[in-house]
Amino acid sequence: DTAVSQTPKYLVTQMGNDKSIKCEQNLGHDTMYWYKQDSKKFLKIMFSYNNKELIINETVPNRFSPKSPDKAHLNLHINSLELGDSAVYFCASSQEGGYTFGSGTRLTVV
Amino acid sequence: SQQGEEDPQALSIQEGENATMNCSYKTSINNLQWYRQNSGRGLVHLILIRSNEREKHSGRLRVTLDTSKKSSSLLITASRAADTASYFCATSRSSGSARQLTFGSGTQLTVLP
């Protein structure tokens with residue numbers, strides 16, 4: 001069983017569209033995250049969320065919004081997509097210790 | 001802001017040699033972690049060292065932490081072609097009730113057969 005699964009794996013869309021990326025973890029972890037990895041492989045935290053607190057990286061545009069229907073899911077919704085949003089987006093979860101990452105969603109905005 | 005800086009950015013060695021990667025950071029931490037990322041894949045957690053620990057081993061991996069110098073090193077012994085990947089250090093510190101993991105810029109390791 002995949003511990004942290006995110007879909008879709010690839011997403012190609014036009015500028016201005018709204019899209020969502022889904023993430024689910026079956027590890028029972030209490031905290032989930034979204035990271036963005038740019039073309040230079042630099043990983044930047046976007047959000048961290050547990051059932052008590054959402055922490056937003058202040059540099060993330062408000063076009064990005066996390067949505068958590070329950071403890072095992074943290075979806076990422078993006079409005080009005082821009083060319084600069086093209087990147088690989090990783091979902092992760094943790095309890096204590098190391099993070100478990102999903103396999104990533106490669107988003108390409110054309 | 002970027003917490004970790006890794007050195008070197010790229011490292012190419014022959015199979016069987018040892019590979020050493022270094023990481024420096026700026027703020028106080030709870031722990032420091034190393035991850036591996038194969039091309040086109042997600043990150044895989046390798047090892048975690050707490051701020052009160054100085055050295056830790058896991059198989060062919062050895063990690064050191066010097067909190068006075070705010071630096072860490074990852075040593076991979078007897079490298080294999082399958083070790084070819086990007087390696088990232090990441091520092092963890094608590095922010096409210098959530099833990100934040102901040103990544104370095106990564107070292108691309110190439111192990112030549």
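The present account deals with the structure reproduced in this document. (Residues numbered from 1 in each chain as written. Chains lettered and ligands numbered in written order. Predicted model: local features only at pLDDT ≥ 70, side-chain atom pairs only at ≥ 80, totals over all residues. Heavy atoms only, no water.)

Here we look at the interface of chain A and chain B
The following threshold applies: We call two residues in contact when some of their heavy atoms are within 4.5 Å. Accessible area, probed at 1.4 Å, shrinks when two parts are joined; the buried area is that loss added up over both. We define a salt bridge as a contact between a side-chain nitrogen of Lys or Arg and a carboxyl oxygen of Asp or Glu at a distance within 4 Å. Within 3.5 Å is the distance limit for a polar contact, defined as a pair of N or O atoms, with the added protein rule that one can donate a hydrogen and the other accept it, and that residues adjacent in sequence qualify only through two side-chain atoms. A run of H or I in DSSP becomes a helix once it reaches four residues, and a run of E becomes a strand once it reaches two; helices and strands are each numbered from the N terminus. Think of it as three bins: nonpolar holds Ala, Val, Leu, Ile, Met, Phe, Trp, Tyr, Cys and Pro, charged holds Asp, Glu, Lys and Arg, and polar takes everything else, Gly as well.
If you look at the interface, chain A gives 24 residues, while chain B gives 22 residues. Of the roughly 1,900 Å² buried where chain A meets chain B, counting both sides, 49% is carbon and sulfur surface. Looking at the side of chain A facing chain B, the largest losses of area belong to Lys41, Phe42 and Tyr99 of chain A, adding up to 27% of the total buried there. For the pair chain A and chain B, the number of links is zero salt bridges. Applying the counting criterion to the chain A and chain B interface returns six residue pairs in polar contact (both at pLDDT 80 or more). When residues of the side of chain A that touches chain B are traced back to their parent elements, those giving at least two are β4 (31-37), β5 (43-50) and β9 (87-94) of chain A. Residues that form the side of chain A that touches chain B fall into these classes: nine nonpolar, ten polar and five charged.

Points about unusual backbone geometry
Put simply, the test is: Throughout, exposure labels follow a simple rule: accessible area from a 1.4 Å probe, protein chains only, divided by the maximum for the residue type, with under 20% read as buried, over 50% as exposed, and the rest as partly exposed.
The omega angle of the peptide bond from threonine 7 of chain A to proline 8 of chain A is 0°, so this bond is cis rather than trans. In this fold, proline 8 of chain A is placed in the loop between β1 (4-7) and β2 (10-13). The omega torsion of the bond from aspartate 7 of chain B to proline 8 of chain B falls at -5°, within 30 degrees of zero and hence cis. Residue placement: proline 8 of chain B occurs in the loop between β1 (5-7) and β2 (10-14). One non-glycine residue, lysine 41 of chain A, adopts positive backbone phi at about 75°. For lysine 41 of chain A, the location among the structural elements is in the loop between β4 and β5. By relative accessible area, which is 32% here, lysine 41 of chain A ends up partly exposed. A positive phi is found at serine 80 of chain A, a non-glycine position, where the angle reads about 45°.

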